Amino acid sequence: MTQSHPRISKAVIPAAGLGTRFLPATKATPKEMLPVVDKPAIQYVVEEAVSAGLDDVLMITGRNKRPLEDHFDRNYELESALQKKGDADRLAKVQESSDLATMHYVRQGDPKGLGHAVLCAAPHVGHEPFAVLLGDDLIDPRDPLLQRMVEVQEQRGGSVIALMEVAPEQIHLYGCAAVDPTDDGDVVKVHDLVEKPAAADAPSNYAIIGRYVLDPHIFDILRKTEPGRGGEIQLTDALQQLAADEKVGGPVHGVVFKGRRYDTGDRGDYLRAIVRLACEREDLGPDFRTWLRSYVAEEM
Ligand code: G1P
C-alpha cells in the first residue's frame, strides 16, 4: 500500500455491557469503574489510547453508565476542597482523568452485540480509520500494543487486529483467526475469522484480544451483518468479510502480542491484575510484596 492514510486520532470504547460476572458489585456501579489498585479499569484503557496518540475518545455507553461520564469530567467540589487543604497530590489525581482526552459519549440503546456497539460510532468516526478498545482487556502499560497496530495500519492500510496465542481449550472464549506469516515477525495476514469456535473447529490458536484498528468500510458491512453467535451482531463476522474481500476495505492483518494482558472481566484475572500491578507500584509495592511473601509462605 503506497497511498497516504489519514492519521488515526479516534478511539472507540464499547462500555454498554451489564457486567453480570461481577454481581453484586456491578448492580449499581458500571463494571468499567471497578478499581484496579486505585484507578478504575476504564482509565487504563483511555490512557492506553492516549499514549498511542488517540486523544479523541468515544464511549459507547448505556443505562446506568453515568459514573463513567462523571469520572472523565471535572469535579469542582472535590477539587476546591483539596485546593483549600493544599493537597496537591490528590488534586492532581482528580484532575488527571478529566484532562486526559476529549471525551464523547453515545448510548447503544439496544444491547445487540459488539458489532452493533461499534456501528453506533459511525456518525462520530466518519470516513477515517479508527481504533476500538474493549474495556475488559487490560494491556500492561509497559507492553505497548496499540501503537504498533496503528503503525502497521499506516504501513499496510486496511484493518489490524490484535492476536494472542492461547491454549486450545481457551479458544472457545475468543474470536479466532486463521493466518499466514508476513515478512514482519510480529505481523500476520488474516484470511479467516470465526467467533468463539469449539476447540475442534478452531482454525488456529490465535485469539483476538480486544484491540482493533479498523477501516471505516466496516460500518457498511456492519449495517448488513446478520446476528451471529449468541444472536448478537458480531464484529468478528464483519471483519471476516473484510478479510475475505480486499476490495471492500481489506486487507486484515494481525499483530501478535506477546506482552502482559489481563481480562478484567474475569474475576480470577482481575485479582491477578491487581496483585501484579500493586507489586510493581513504587509507592505500594515494597510493603505489599513483603506482606504477600509472608502470606504465601503461611498459606502454602
Ligand atoms: C469479544 C469479541 C471476541 C474477542 C473478545 C476479546 O468477545 O467478540 O472476538 O476475542 O472480545 O476479549 P467478548 O469477550 O466480549 O464476549
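Just so it is clear, the model here is predicted, and its values are computed rather than measured.

Engineer: Mind laying out the site of the ligand, listing which residues take part and the relevant values?
Structural biologist: Taken together, Leu-114, Leu-134, Asp-137, Tyr-174, Gly-175, Glu-195, Lys-196, Ile-208, Gly-210, Tyr-212, Gln-234 and Thr-236 form the complete shell of residues around the ligand. Between Asp-137 and the ligand, the recorded distance is 2.9 Å, taken from a side-chain N or O atom to an oxygen atom. Within the backbone of Gly-175, an N or O atom sits 2.9 Å from an oxygen atom of the ligand. Among the elements that line the shell around the ligand, the one with the most residues is strand E11 (residues 206-214), at three residues. A per-class count over the shell around the ligand returns five nonpolar, four polar and three charged.

Engineer: Let's hear about the packing of helix H8 (residues 217-224) against helix H9 (residues 235-244): which residues, and what values?
Structural biologist: Two numbers describe how H8 lies on H9: the axes approach to 9 Å, and their chain directions differ by 120 degrees. Between H8 and H9, the crossing angle belongs to the class labelled oblique. For the pair H8 and H9, the crossing hand works out as right-handed. In this structure, H8 uses His-217, Ile-218, Ile-221 and Leu-222 to contact H9, whose residues at the interface are Leu-235, Ala-238, Leu-239, Gln-241 and Leu-242. Across the contact of H8 with H9, the residue classes break down as seven nonpolar, two polar and no charged.

Calculation rules
Residues numbered from 1 in each chain as written. Predicted model: local features only at pLDDT ≥ 70, side-chain atom pairs only at ≥ 80, totals over all residues. Heavy atoms only, no water. Near = heavy atom within 4 Å. Polar contact = N/O pair within 3.5 Å; in protein donor to acceptor, adjacent residues only side chain to side chain. Helix = DSSP H or I, 4+ residues; strand = E, 2+ residues; numbered from the N terminus. Nonpolar A, V, L, I, M, F, W, Y, C, P; charged D, E, K, R; others polar. Axes fitted to C-alpha atoms, helices over the stretch in contact; angles between N-to-C directions. Parallel < 35°, antiparallel > 145°, perpendicular 65-115°, else oblique. Left-handed = near helix turned anticlockwise from the far one by under 90°. Contact = heavy atoms within 4.5 Å.

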